[in-house]
Each structure stands twice: as structure tokens, then as C-alpha cells.
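Residue-level structure breakdown
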Amino acid sequence: MALTHAFWLAGRQATGEDTFDVTSPWDGRLVGKVSVPTDAQVEEAVAAAYAVRDEFAATPAHVRAAALDHVSRRLVERTEEIAQLISVENGKPIKWARGEVGRAVSVFRFAAEEARRFNGGEAQRLDTDAGGQGRLALTRRFPKGAVLGIAPFNFPLNLCAHKIAPAIAAGVPIILKPAPATPLSGLIIGDLLAESELPAGSWSILPVANDHMPALVQDERLPVISFTGSEKVGYAIMDSVPRKHCTLELGGNGAAVVLGDYASDADLDWAATRIATFSNYQGGQSCISVQRVIADAAVYDRLLPRIVAAVEAQVTGDPGDDKTDVGPLVSEAAAQRVESWVQEAVEAGATLLTGGKRDGASYAPTVLTDVPADTTISCEEVFGPVLTVTKVDGEAAAFAAANDSKYGLQAGVFTHDVQVAFRAHRALEVGGVVIGDVPSYRADQMPYGGAKQSGVGREGVKFAMDDYTYERVLVLTGLAL
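Now for a description of the structure that goes with this document. (Residues numbered from 1 in each chain as written. Predicted model: local features only at pLDDT ≥ 70, side-chain atom pairs only at ≥ 80, totals over all residues. Heavy atoms only, no water.)

Turning our eyes to something else, we now look at the environment of Phe278. In this structure, Phe278 sits in helix H10 (residues 265-280). Here Phe278 falls in the buried class, since its relative accessible area comes to 12%. With 245 residues separating them along the chain, Phe278 and Lys33 place their C-alpha atoms 32 Å apart. (Helix = DSSP H or I, 4+ residues; strand = E, 2+ residues; numbered from the N terminus. Buried < 20%, exposed > 50% of the residue type's maximum accessible area, 1.4 Å probe, protein only.)

This brings us to the sheet that holds strand E7 (residues 136-143). Ordered in space as E6-E7-E25, the three strands form an open sheet in which the pairing is antiparallel. If you trace the sheet from one side to the other, it starts and ends with strand E6 (122-125) and strand E25 (469-476), each paired once. Strand-to-strand, the axes of this sheet are offset by a mean angle of 30°, without reference to chain direction. As paired strands, E6 and E7 are joined by four bridges and run antiparallel to one another. Across the sheet, residue Gln124 finds its bridge partner in E7, namely Ala137. (Pairing = 2+ DSSP bridges. Axes fitted to C-alpha atoms, helices over the stretch in contact; angles between N-to-C directions.)

Looking now at helix H11 (residues 297-312). Over its 16 residues, H11 extends 23 Å from the first C-alpha to the last, a length consistent with the 22 Å expected when each residue adds 1.5 Å. At Leu303, H11 shows its maximal bend, which comes to roughly 40°, and the proline Pro305 appears one to four places after that position. When we look at burial in H11, the residues that qualify are Val299, Tyr300, Leu303, Leu304, Ile307, Val308, Ala310 and Val311. Elements in contact with the buried residues of H11: strand E13 (255-258), H10, strand E14 (292-296), strand E15 (351-354), strand E18 (366-369) and strand E19 (386-392). The opening residue of H11 is Asp296, an N-cap whose side-chain oxygen sits 2.8 Å from the backbone nitrogen of Ala298. (Expected span 1.5 Å × (residues − 1). Bend = angle between axes of the 7 residues up to and from the residue. Contact = heavy atoms within 4.5 Å. Polar contact = N/O pair within 3.5 Å; in protein donor to acceptor, adjacent residues only side chain to side chain.)

Turning our attention to the packing of helix H3 (residues 61-77) against helix H5 (residues 94-117). Axis separation between H3 and H5 bottoms out at 8 Å; the angle between their running directions is 165°. One way to sum up the angle between H3 and H5 is to call them roughly antiparallel. Between H3 and H5 lies a crossing of left-handed hand. Between H3, through Ala61, Arg64, Ala65, Leu68, Asp69, Val71, Ser72, Leu75 and Val76, and H5, the contact on the second element is made entirely by Val101, Ala104, Val105, Phe108, Arg109, Ala111, Ala112, Ala115 and Arg116. Class assignment for the residues of the contact of H3 with H5 results in 13 nonpolar, one polar and four charged. (Parallel < 35°, antiparallel > 145°, perpendicular 65-115°, else oblique. Left-handed = near helix turned anticlockwise from the far one by under 90°. Nonpolar A, V, L, I, M, F, W, Y, C, P; charged D, E, K, R; others polar.)

Attention shifts here to the pattern of salt bridges. One pass over the full model with this rule turns up 32 salt bridges. For Arg12, the salt bridge is made with Glu44, and the minimal N-O distance between the two is 2.7 Å. Of this pair, Arg12 sits in strand E3 (residues 12-14) while Glu44 sits in helix H1 (residues 39-51), placing them 32 residues apart in sequence. For Glu44, a relative accessible area of 33% translates into the label partly exposed. The shortest N-O distance in the salt bridge between Asp325 and Lys95 comes to 2.3 Å. Taken together, the residues Asp325 in the loop between H11 and helix H12 (332-347) and Lys95 in helix H5 connect sequence positions 230 residues apart. By relative accessible area, Lys95 is classed as partly exposed at 35%. A single salt-bridge network, built from bridges that share partners, covers Arg141, Lys462, Asp466 and Glu471. (Salt bridge = Lys/Arg side-chain N within 4 Å of Asp/Glu carboxyl O.)

Here's what the structure looks like:
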């Protein structure tokens, strides 16, 4: 009989009246049952977060930092166990799952460091004008209120970490909702936080069903919403609560630009390998996976066969096998959607160079060229192991092609020219530009987010803490400065 997993209500384990099944996308086996909180239990968690907000904001930095350090250490100790759990419930190849645990270790460590230095205060002298003589302003940051954090399935541990760790570091109560497809990895964080000394109510992890979310989103006691997921859902949340502070990390269709100076055999081999790897890692289910390659005509003919060969070299199969590069998508429905988009593109005139085959929830790594600009796969985020390659003439055309998208999360530019790097930084309408590599690079301490319809606000521990708080000024009068 499968284990029924409790959820975390105001820092303690609890069970509701109903459960739902978590199954493996690879072979369909039952991974576990998860207890669902009742409406009364959700209300209890919200009330507890609201009630504890002042106490938690005043909790000494060393207490919050110690809790975060503890989670980081325990993640290290339980790395293999947690990686196996991520792999089985998400379908992520085990080597990528281990990498995700390692990133979560860093997120909690960064948060512990930020907790120790955050909110030290910034002094500003005001006697620069005569009316301010004898006055000094001190600016500090204070919580906007409790946070509702909504995490997606594709990084079921690390993106939960990116919601909860900054909140604890800033002394902000948080209710975390993990994705229904992958709740077990998020609930593990509760196991570790429960071993700390944080005040009751400062955190809850509730696997609430999606159709019960509107009431939680609307609750005025949760004035901050941090959402990672699809564009459609994210903007629907924002539109429904126009007076709340929303941070949205949404979709992308990441472009890798390969320019004409990136022309040696070693350069093109590197670019092709990185493109193939990061169009297919996580099954392509990453907002910054490589979806579009934009290659200068000077290198296109030499680059394209290298990309195809590198994609075909990706090892597909059982996510529990250390050799596997590409596992299944999160569900058969997700793979069917990818299949339909590829079919649409081919029927519209695109050339299929490799892949294009589905087996249950798995979809073969795929490369397309000559893709019409108005096809779904050109315009939307595929969120699957599919890559399109386009030829352009020169830098300006390459940057224009990269910008020809409603999304703007990150872009990669393969060039050796530092002047081009700075021009790319100015020209590309994205949240991040990566030089000499794919757009899929993310360091968890840096600001991460997008432009255009890729969202608003920034993740990254310090930057999320800024989003969860606001500046409050204290003016001191009668000072001998």
C-alpha cells in the first residue's frame, strides 16, 4: 500500500479528508498518496500566517539564518534520497535531479547569508538643504505581509526553495502551494523546516487543488503573490487581484544566437553540444531551455549538422538510469500537445531533421528548420524537447529575430567579440543575456526574470526578498551631524 503523505499546516503535520495519487510519468506506477487540506485547514493556515506576521518580522536574524542553514545542510545529507524522489515523481533524469538538489542547497545557503545582512538600514543625511539641518533619514525594509507562493512542476524542489527561502530570510510568513503533479519534493522542505525553531504559522506547505486556488489568491491577508508557471495562469492571477503585489516568472522561448565570428571547429562543436543538451534537459521543460537557434549564414551550414548529430546523441529512456539525458515529459497529455505542435509545423512546411516521435509521455528530441513564423511552435513556449534552427544574415538580423517574440526571458549569444556582447546586452529585450553559452544558464543568487510577457519582478534570493518587503523611512531630528 502506498504511503499517504501529510501536508504542513502552520509548521506541523496534518491530514485532510481526501487524498490524491502521485504517479510516475515514466511508467505510471503509484509514487504516493498526498493528503489534501480541507477548506477549514486552509483557513487555519492563512489565519496563522496573518497572526504571526509581526512576531516573525521581529525574529532575530540569527534564528532565521540558523533555520535556513539547517535546511541547506540536511538537503546535502539527504541528496540521493531526494534526487530519487524528484526523478520518480517528475520523470527527470537522475543526474539532473541530483543537480537540482545541489541548487536547492545553494538557495538555502544564500538565503541564510542574506538573512544575516538584510535590512541593516541605509542612512541619508538631510542637511543638504537648509530645511533639513539636524536631520538624518534611516531607511529599512519591512514585510508587505504574508506571501502566497505558487510553484510549478518542472523544478519541484528548487522552485519551491525559491519561494520559501527568501520569505524566511526576510521574516515574511509564507504559504507555499507545490504543483499537484509533483508535491512530494516540496513537502520534503517541510520535513526539514520542522526541525528548526521558527515560530508556528510562519510557514505552511499546502497541496491545494488548482480549482480551490481562486479563494486563496483573493484572500486579503495574503497581499503578496509569487507565481512561477504559465503565462495564461500568471496573468489571470494578476488580473484578478490588481491591488496585490504580484511577481510572475512566466514562459519563454529562449533563443541561442550563433554569430559569424564563432566559426572554428571547436567553437561550433561547443555551441552544438550546449544547444543539444539544453534544448532537451528536463525534457525541454524549462522556461530557459533552448527553443530557437538563430545562426548567422556564415556558420549555419557547418553548425546545423553538428546540432542534429548532438541531438541524436542524447540518451533517452529510464530517468532512473545514470546514463539517461532525456526522460519523459510530466504527462502523456503534455507529450501529445508537443506532438500536435510539431505536426502542425511540418504540415505548414517545416522540415523535420530528426525526432518527431512520441511514445506515451516521452517525446524524441526534435530538430526543425524552415518553420513558418505563424506556427504555434514559433510563437509559443513549447516546453518540450523541440528545437528550431533559422538562418540570418548578420548581427542586426540575428538580434531582430531573437526579439521577434512576445517573450523575453533570457537569450544566449555565441560570440568572442566583447563589443558585440555589450551591443547584445543593449539590444536584446530579455531579462538576461548569456555570452558564450545557451540562455539556459541560471545562477540562483542572480536576478532572474523576464521582459515583455515573460513576467514581472525578479527571483533570486536577495531580489525576491526585496519583492516581499517595502522601504520605510525613519527621520531623526535635532542631531548634531
